[in-house]
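Fold and contact review
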Amino acid sequence: MSIESLLLSLAMAVAAGLVGCFAVMRRMALAADALSHVALPGIGIALALHINPVFGAAAMLFFGALLVWALEGKSHVGAEAIIGVLFSVALAIGSMTTSGEELIEALFGGMGVLRWPELVFGILASTAVVLFMVIQRNKLVVMLVSPEVARTAGIDVRRLNLLFLETFALTIALGMRYMGVLLMGALIIIPAVTAKRLARNLTAMLQSAVAISVFATLGGTLLAAWLHRETGPLIVIVAAACFLASFLRR
Amino acid sequence: MDHILEVERLSVRFGDNLVLNDLSFQVAKGSSLAVIGPNGVGKTVLLQALLGWVPSSGSIRWAPEVTFGYVPQKLDIDRDVPITGMDFLAARASLTREAGRHTGPATANILDLVGIPREASQKMIGTLSGGQFQRLLLAFALLGDPNVLMLDEPTAGIDQPGQKQLNELIRRLQQERGITVLFISHELSVVYEHSTEVLCLGHGKARIGSPRKILTPSLLNEIYGTAMDYHIHEH
């Protein structure tokens, strides 16, 4: 693995760890998995147009998150239910527009050579995700406890919700190369769930989730090189091992 | 008298359901208004309308310098969410600083004021007792240095001693700091003891007046449709 690839995968891991914490605390664990499928039609269209599929996925995830946000505000159906419906439709369209090996790569990772536009996009997007989480941390905490209380504290709850959903969607797009859209949900959720079990305050949870995510990414990458396997599944297995190990702690 | 709030002909409608109908009242600066009435008459909706969260017709005029603190009904927080009381309050304190307003009261002083021990503030919020959690929400509201406190059944689900302490604390804030308090309550003895005005919402017409004038057996019977029992502690 090249230095560029390693750098990109670590940036992705840090972003996933941070976003995962708030996704888990907001009970969006399953949403991560479901929203990731929205990327599929974008991948199909990008491949048909000979564009890097990461960009197709990112564009589709962006619109998917926007749609979830808009429908959530308009109807009384929760985000989970809306994401559930979107996921099924996206999967149906995605399976029609993508075929065979490309579909497997999109779902489980392991795409061809890393080119510089994707590297630049990945590093910039990871930085944006990390900055958003650090800067908006306090507002996200208050909104998590009570959206009403957040409003009286001057927080634009609707806007913050949209920004969080878009950050979440961008993080899934970031994982396409190494994890595939299906497994990226796992890298967002497993380190955060593990950190939630171990931590006693917010800072400890954020730090632990990032540490576990980075450890799983490095460990999975090394194991993949050693075993000559795809990296994504091994990253998830290392993360899951950390989760199981957390049961030894308490 | 100087009014902090003037409401004229306020109505709130959700689809075909007219929740509040043609409501007019005024709230004096530094007073304590209790909102009472049976379930489903729109007490919470009234607070939401006053905060501008739900669309309404009629007019709601707040005094220009008003800043709100809001304490919601009992919240359902998972026990294992690793957010401590301090995490929550520190988030509020930093938002006040970001807003470029004065630094606001120090978190430590507010903890003392609402009576949350230091070790309790380090606990995860889902593990706090009902009384401690409501105090935390009150502390959060006070960090914004409000001159109007809105409380939606702040003592629901708290044991008797806890309720008494919290009600005393809210009264102290109103009397010593001149904070205007609007609170929803089902505890008529608390309303009698702690409010200067009572707004009684019924499915028919709303009434407003002093506790002595509103909390009469005949009026309560008319609004609630049943005889209401409560104890009065005269001071």
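Refer to the structure presented above.
Values in this document were obtained by computation on a predicted structure and should not be read as measured data.

The next thing to look at is the overall build of chain B. Each helix and strand counted, chain B has nine helices and nine strands in total. Computed over the C-alpha atoms, the radius of gyration of chain B is 18 Å, within 12% of the 18 Å expected from 2.2 N^0.38 for a compact globule of 235 residues. Along the first, second and third principal axes, the C-alpha atoms of chain B reach 50 × 40 × 35 Å. Here chain B holds 235 residues, and the buried ones make up 54% of them. Long-range pairs, those at least 24 residues apart, make up 68% of the contacts in chain B with a sequence separation of at least 6.

With that out of the way, let us pick up helix 2 (residues 85–98) of chain B. Residues and elements named next belong to chain B. Spanning 14 residues, helix 2 covers 20 Å between terminal C-alpha atoms, matching the ideal 20 Å at 1.5 Å per step. When you tally the buried positions in helix 2, you get 10 out of 14 residues, the bulk of the element. Buried within helix 2 are the following residues: Gly 85, Asp 87, Phe 88, Leu 89, Ala 91, Arg 92, Ala 93, Ser 94, Leu 95 and Thr 96.

If you look at the biggest cluster of nonpolar residues, it comprises 163 residues, and the most contacted ones within it are Phe 164 of chain A together with Phe 25, Leu 46 and Leu 138 of chain B. Both domain 1 (1–66 + 147–235) and domain 2 (76–145) of chain B contribute no fewer than three residues apiece to this core. Non-local contacts of Phe 164 of chain A, meaning those with residues more than four positions away in its chain, are made with Val 19, Phe 22, Ala 23, Arg 26, Met 28, Phe 132, Met 133 and Leu 140 of chain A.

This part covers the interface of chain B and chain A. Chain B puts 26 residues into the contact, and the matching count from chain A is 22 residues. Of the roughly 2,100 Å² buried between chain B and chain A, counting both surfaces, carbon and sulfur atoms make up 68%. Contact with chain A buries area across many residues of chain B, yet Trp 53, Pro 82 and Leu 95 of chain B alone supply 27% of it, more than any other trio. There are two salt bridges connecting chain B and chain A. The residue Arg 27 of chain A makes a salt bridge to Asp 78 of chain B at a minimum N-O spacing of 2.8 Å. On inspection of chain B and its partner chain A, the count reaches five residue pairs in polar contact (both at pLDDT 80 or more). Counting residues per element, the ones that place at least two in the side of chain B that touches chain A are strand 5 (68–71), helix 2 and helix 5 (130–143) of chain B. Broken down by element, the side of chain B that touches chain A gets its largest block of residues, seven residues, from helix 2 of chain B. The class makeup of the residues in the side of chain B that touches chain A is 18 nonpolar, two polar and six charged.

With that settled, the discussion passes to the packing of aromatic side chains. Taken as a whole and assessed by the stated rule, the structure comprises seven aromatic pairs over all chains. Pairing Phe 164 of chain A with Phe 168 of chain A gives two aromatic rings, centres 6.2 Å apart and planes at 35°, and the pair type is tilted. A residue pair is termed a helical-turn pair when its members lie 3 or 4 positions apart in one helix, as Phe 164 of chain A and Phe 168 of chain A do in helix 9 (residues 157–174) at four residues. Here Phe 164 of chain A and Phe 168 of chain A have matching classes, each one buried. Measuring from centroid to centroid gives 4.4 Å for Phe 88 of chain B and Phe 140 of chain B, while their planes differ by 15°, and the two rings are stacked. With Phe 88 of chain B in helix 2 and Phe 140 of chain B in helix 5, this residue pair connects regions lying 52 residues apart in the sequence. Positioned above the aromatic ring of Trp 69 of chain A is the side chain of Arg 158 of chain A, whose terminal nitrogen or guanidinium carbon lies 4.0 Å from the ring centre. Cation over ring: Arg 197 of chain A sits above Phe 247 of chain A, and NZ or CZ is 3.9 Å from the ring centre.

Residue and element names in this part refer to chain B. Approximately 370 Å³ is the volume found for the second largest pocket. Lining the second largest pocket are 19 residues, and of these Asn 21, Gly 202, Gly 204, Lys 205 and Ala 206 lie nearest its centre. Those elements that provide at least two residues to the lining of the second largest pocket are strand 2 (17–28) and strand 9 (207–209). With eight residues, strand 2 is the largest single contributor of residues to the lining of the second largest pocket. Classifying every residue of the lining of the second largest pocket gives nine nonpolar, seven polar and three charged.

We now examine unusual backbone geometry. Positive phi outside glycine occurs at His 50 of chain A, with the angle close to 60°. Looking at the element boundaries, His 50 of chain A is found in the loop between helix 3 (39–48) and helix 4 (53–74).

In this section: the pattern of salt bridges. Residue and element names in this part refer to chain B. Evaluated as defined, the whole model comprises eight salt bridges over all chains. Asp 22 is the partner of Arg 9 in a salt bridge, and the nearest nitrogen-oxygen pair spans 2.8 Å. Taken together, the positions of Arg 9 in strand 1 (residues 3–14) and Asp 22 in strand 2 put the pair 13 residues apart, joining distant regions of the chain. What makes Arg 9 exposed here is its relative accessible area of 56%. We classify Asp 22 as partly exposed; its relative accessible area is 35%. Between Glu 65 and Lys 29 there is a salt bridge whose closest N-O contact spans 3.2 Å. Of this pair, Glu 65 sits in the loop between strand 4 (57–62) and strand 5 while Lys 29 sits in the loop between strand 2 and strand 3 (32–36), and the two are 36 residues apart along the sequence. Glu 65 sits in the partly exposed class, given a relative accessible area of 41%. One salt-bridge network, in which partners are shared between bridges, spans Asp 2, Lys 29 and Glu 65.

What follows covers empty space enclosed by the protein. One water molecule sets the probe size; rolling that probe over the atoms shows where empty space is left. For the structure shown, the criterion picks out two cavities of 30 Å³ or more. Size it by volume and the largest cavity reaches roughly 60 Å³. Leu 8, Val 54, Glu 118, Phe 121, Gly 122, Ala 173, Leu 174, Arg 177 and Tyr 178 of chain A are the residues that line the largest cavity. For the lining of the largest cavity, the secondary-structure elements that each account for two or more residues are helix 7 (116–145) and helix 9 of chain A. In terms of residue count, the dominant contributor to the lining of the largest cavity is helix 7 of chain A (three residues). The calculated volume of the second largest cavity comes to roughly 40 Å³. For the lining of the second largest cavity, the element with the highest residue contribution is strand 5 of chain B, accounting for three residues. Looking at side-chain class alone, the lining of the second largest cavity contains six nonpolar, three polar and one charged residues.

Here is what the cut-offs are and how they apply
Residues numbered from 1 in each chain as written. Chains lettered and ligands numbered in written order. Predicted model: local features only at pLDDT ≥ 70, side-chain atom pairs only at ≥ 80, totals over all residues. Heavy atoms only, no water. Helix = DSSP H or I, 4+ residues; strand = E, 2+ residues; numbered from the N terminus. Rg over C-alpha atoms; globule rule 2.2 N^0.38 Å. Buried < 20%, exposed > 50% of the residue type's maximum accessible area, 1.4 Å probe, protein only. Contact = heavy atoms within 4.5 Å. Expected span 1.5 Å × (residues − 1). Core = buried A, V, L, I, M, F, W, Y, C linked by side-chain atoms within 4.5 Å. Domains from an automatic or database assignment. Buried area = accessible area lost by both parts, 1.4 Å probe. Salt bridge = Lys/Arg side-chain N within 4 Å of Asp/Glu carboxyl O. Polar contact = N/O pair within 3.5 Å; in protein donor to acceptor, adjacent residues only side chain to side chain. Nonpolar A, V, L, I, M, F, W, Y, C, P; charged D, E, K, R; others polar. Phe/Tyr/Trp six-rings, centres within 6.5 Å; stacked < 30°, edge-to-face > 60°. Lys NZ or Arg CZ within 6 Å of the ring centre and 35° of its normal. 1 Å grid on protein atoms, 1.4 Å probe; cavity = no way out; pocket = protein on both sides within 12 Å on 5 of 7 lines; lining within 4 Å. Points joined across faces, edges and corners; volume = space filled by probe spheres on them.

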